[in-house]
Amino acid sequence: MVEQMDLTKSQEGKWVREDKKRGLFKVSRDAFTSQAVFERENERIFNKCWLYLGHSSELENPNDFLTRNVAGHELIFNRDRKGGFNAFFNTCPHRGAIVAREECGNALGFKCFYHGWSFNNNGKYATRSPKGVYPEDFGKEGDSVDLSRVPRLEQYRDFHFINFDADAISLDDYLAGSKEILDIVSDHSPDGMEVVSGVQNYSIRANWKLLVENSFDGYHAAETHDTYFTYLFDAIGGTPEEAMAKMTGQSNCYDYGNGHAAIEGEAPWGRPVGRHIPAWGDKGKEDIAAIVKELEERVGVPMAKRISNGDRNAVFFPNLVINDIMAITIRTLYPVSPNEIHVSSWAFAPKGEPPELRKRRLDNFLEFLGPGGFATPDDVEALESAQVGYGNAQFAPWNDISRGMLKEKPANDDEEQMRCFWREWARRMEAE
Amino acid sequence: MMGNANLTRSADKAEAILNRDVYEDFLYLEAQLLDEWKLDEWLALFAEGATYDVPTAGAPDDVSSSEKLFYISDDYFRLGHRVKRLNQKTAHSEWPRSHTSRLISNMRILGSDDSGVHLRSAFVTHRSKGTATDMFCGHHLHTVKMVDGELKIVAKRSMLDLANLRPQGRVSIIL
């Protein structure tokens, strides 16, 4: 087991220890490797928290459906004939086979391929059987044979979340201050936003909380991603000095409550929503000026400035990431064991974006993000390396998350945002 | 550009089709240079203005990187930087370098038009690093052309015939 640490006893937890006076914050490496922790997380976090399911733009029309695995559960997310949104467990009430086996489609109902049981797209049992095979009141007396509904499905803006706990607080209360981030990314365009077709489904041989930390870690960027920045300064045109001179040095960390947090800063890359780079040329400059002008008229100058020129990395507790950086990515990450993560990443963009701007946005995305980007694979290497390093936890038991703890106003390259996550994690995990 | 539909396009200016062993040898050479991490020599197989892309696992051959999210969609500039990056020790994902082995098979000459000769080949690539060995399988779509007396790649698209990148996780090597 882990060694004792010299911290004040009142702040002591099994996995998370905080000494506010000295400005020390430590997390036990056992939290990243233990099977018992993994099982406790399923019970206390993934079965209790609001989890991201999908975005309205993925189901544009009535009867549209998609299938998705959320926290180990195969689900159907669909709109019924009346256009209402539903979340069902994707399993036949008869013997359990998956009833919707395609990634997405448009369907009035679902028919299980095993014995042919059928369901309307509002989940209602709709199988025709010869008289006398089943009782007359089959499924009507507390023995439901409808598709099982996920206990809670709620939305904020066009982001839909589910909760497996019927007694959970409302999504609105749960999201608390983090709604600001959903508002900001929803307001990038006057025409609404959409999830771009295509998903990057990949895995990482590490604990999921390593990717949570990495997703809003401003401290590692320069060191880990040196090759990306070398490329970037060649790609954006002009000199690094010119790019740096434009930066105002804003650097913020937001504690949104309930474990949600974000960092905000300003980087040298171009932003399709308002930060021009020389490589985009005069036409690109005009495009960007028009986007900024429209933003200023619609949301006012201060918010337009934040939307166009602020780079934000946000984590919604426990595992939704929205990074609004050189492009916007929506990312979910689920543990399938203590040392393996299933990651899904989508690109998020304005509806009706002109093709050349869409291409520019997707190029920006791929330069940095995802399994073939110039940055993400090096993050993956770092996370997997840490997981291997935790094999030494018996002799080197603690991670340090103390950076910037004694500052009045932590910066975007400090670690306060991670401490927000860990405090909520500890609140849920450390209780008896 | 890659599919059968365009094979008759500009047939009068179509690139001349050479013997199949020329193309097979060329693809084997490409695979060997990548296996041996001779990336500058590999890049020299590409014509100026060439492209390299890897759509997401399971995508159709004619998918467009202007509309869909890919893993890689390199123009010639970015491809050059991909090689420059992979030649550095600070490309952490590939340092220390992974061991790779590329099997190329089932090559077919799909046809020819003014953009070049279209080749389809099946691949199985293994990448081994640390305690993990991962397998990538799929098919390459090459468009090749004679430039100043040398065969060059003008477009390479690597299609992953996989449902997802689990457990492979990344395409930090060149497929």
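Up top is the structure.
Values in this document were obtained by computation on a predicted structure and should not be read as measured data.

### Quick look at the overall build of chain A
Summing up its helical and strand segments, chain A has 13 helices and 20 strands in all. In terms of C-alpha radius of gyration, chain A reaches 24 Å, essentially the compact-globule figure of 22 Å for 432 residues. Considering only C-alpha atoms, chain A reaches an extent of 80 × 60 × 35 Å along its principal axes. Counting across all 432 residues of chain A, residues that qualify as buried make up 43%.

### Regarding the sheet that holds strand 7 (residues 104–106) of chain A
Residue and element names in this part refer to chain A. Spatially, four strands are ordered 6-5-4-7 in an open sheet, and the strand pairing comes out antiparallel. Of all the strands in the sheet, just strand 6 (85–89) and strand 7 have a single pairing partner and so form its edges. Across this sheet, the average inter-strand angle for adjacent strands is 25°, counted without regard to direction. In the sheet, strand 4 (residues 64–70) pairs with strand 5 (residues 73–79) via six bridges, with the strands oriented antiparallel. Paired with Arg68 across the strands is Leu75, a residue of strand 5.

### Remarks on the nonpolar core
Generally speaking, a soluble globular protein has its nonpolar side chains buried in company with each other. Grouped together as the largest cluster of nonpolar side chains are 118 residues, with contacts concentrated most on Leu211, Val315, Ala347 and Phe421 of chain A. In terms of residues, this core owes the most to one element, strand 19 (residues 340–350) of chain A, which gives six residues. Taken domain by domain, the makeup of this core includes at least three residues from each of domain 1 (52–173) and domain 2 (188–430) of chain A. Judged by nonpolar contacts, the second largest core, of 13 residues, contains Trp42, Leu43, Ala50 and Val144 of chain B.

### Considering the interface of chain A and chain B
The interface of chain A with chain B comprises 32 residues on the first partner and 27 residues on the second. Going through the elements one at a time, strand 13 (200–204), helix 7 (226–235), strand 19, helix 11 (355–368) and helix 12 (376–389) of chain A are the ones with two or more residues in the side of chain A that touches chain B. Ranked by the residues each element gives to the side of chain A that touches chain B, the list is headed by helix 11 of chain A, at six residues. Broken down by class, the residue content of the side of chain A that touches chain B amounts to 14 nonpolar, ten polar and eight charged.

### A few points about the packing of helix 5 (residues 208–215) of chain A against helix 12 of chain A
Geometrically, a packed helix pair is captured by the angle between its two axes and the distance between the axes. Residues and elements named next belong to chain A. One can describe the packing of helix 5 onto helix 12 by two numbers: an axis separation of 10 Å at closest approach and a directional angle of 135°. Considering their axes alone, helix 5 and helix 12 lie oblique with respect to each other. Our pair here, helix 5 against helix 12, has a crossing hand that is right-handed. Mapping the contact onto sequence places Leu210, Leu211 and Asn214 in helix 5 and Asp379, Leu383, Ala386 and Gln387 in helix 12. Of the residues in the contact of helix 5 with helix 12, the class split is four nonpolar, two polar and one charged.

### Structural notes on the environment of Gly83 of chain A
Residue and element names in this part refer to chain A. One can find Gly83 in the loop between strand 5 and strand 6. Assessed through the 11 C-beta atoms surrounding it within 10 Å, Gly83 is described here as exposed. Sequence separation between Gly83 and Pro62 is 21 residues; the distance between their C-alpha atoms is 4.5 Å.

### Concerning the environment of Phe316 of chain A
Residues and elements named next belong to chain A. Structurally, Phe316 can be placed in strand 16 (residues 311–316). Owing to 29 C-beta atoms within 10 Å, Phe316 belongs among the buried residues under this scheme. Taking the C-alpha atoms as reference, Phe316 lies 22 Å from Glu74; in sequence the two are 242 residues apart. Those residues in contact with Phe316 that lie beyond four places of it in its chain are Ser178 and His260.

### Observations regarding the sheet that holds strand 3 (residues 51–55) of chain A
Residue and element names in this part refer to chain A. Spatially, 3-11-10 is the arrangement adopted by the three strands of the open sheet, whose pairing is antiparallel. Each edge of the open sheet is held by one strand with a lone partner, namely strand 3 and strand 10 (152–156). Strand after strand, the sheet turns through a mean of 30° between neighbouring axes, direction not considered. For strand 10 and strand 11 (residues 159–163), the ladder comprises five bridges, and the chain directions are antiparallel.

About the thresholds
Numbers given for residues are sequential positions, taken from 1 along each chain in its written order. Labels follow written order: the first chain is A, the first ligand is 1, and so on. Whole-chain, interface and lining totals are the exception, using all residues; otherwise, since this is a predicted model, local features are given only for residues with pLDDT of at least 70 and side-chain atom pairs are given and counted only at 80 or more. Helix and strand definitions here come from DSSP, where helices need a minimum of 4 consecutive H or I residues and strands a minimum of 2 consecutive E residues; each element is numbered from the N-terminal end. Throughout, the radius of gyration refers to the C-alpha atoms, and the reference size of a globule is 2.2 Å times the residue count to the power 0.38. For the exposure call, what matters is how many other C-beta atoms sit within 10 Å of a residue's own: 20 or more marks it buried, 12 or fewer exposed, and in between partly exposed, using C-beta atoms placed from the backbone. The criterion for strand pairing is that DSSP finds at least two bridges linking the strands in question. Only the stretch in contact is used when a helix axis is fitted, and all axes are lines through C-alpha atoms; the angle between N-to-C directions ranges over 0 to 180 degrees. The term nonpolar core refers to a group of buried residues, namely Ala, Val, Leu, Ile, Met, Phe, Trp, Tyr and Cys, whose C-beta atoms join them within 7 Å. For every domain, the bounds stem from an assignment made automatically or drawn from a database. Working definition of a contact: two residues with C-beta atoms, positioned from the backbone, lying within 7 Å. Lys, Arg, Asp and Glu make up the charged group, whereas Ala, Val, Leu, Ile, Met, Phe, Trp, Tyr, Cys and Pro make up the nonpolar group; the residues left over, Gly among them, are polar. Here roughly perpendicular refers to angles of 65 to 115 degrees, roughly parallel to angles under 35, roughly antiparallel to angles over 145, and oblique to all remaining angles. Working rule for handedness: look at the near helix, and if it is turned counterclockwise from the far one by less than a right angle, call the crossing left-handed; if clockwise, right-handed.

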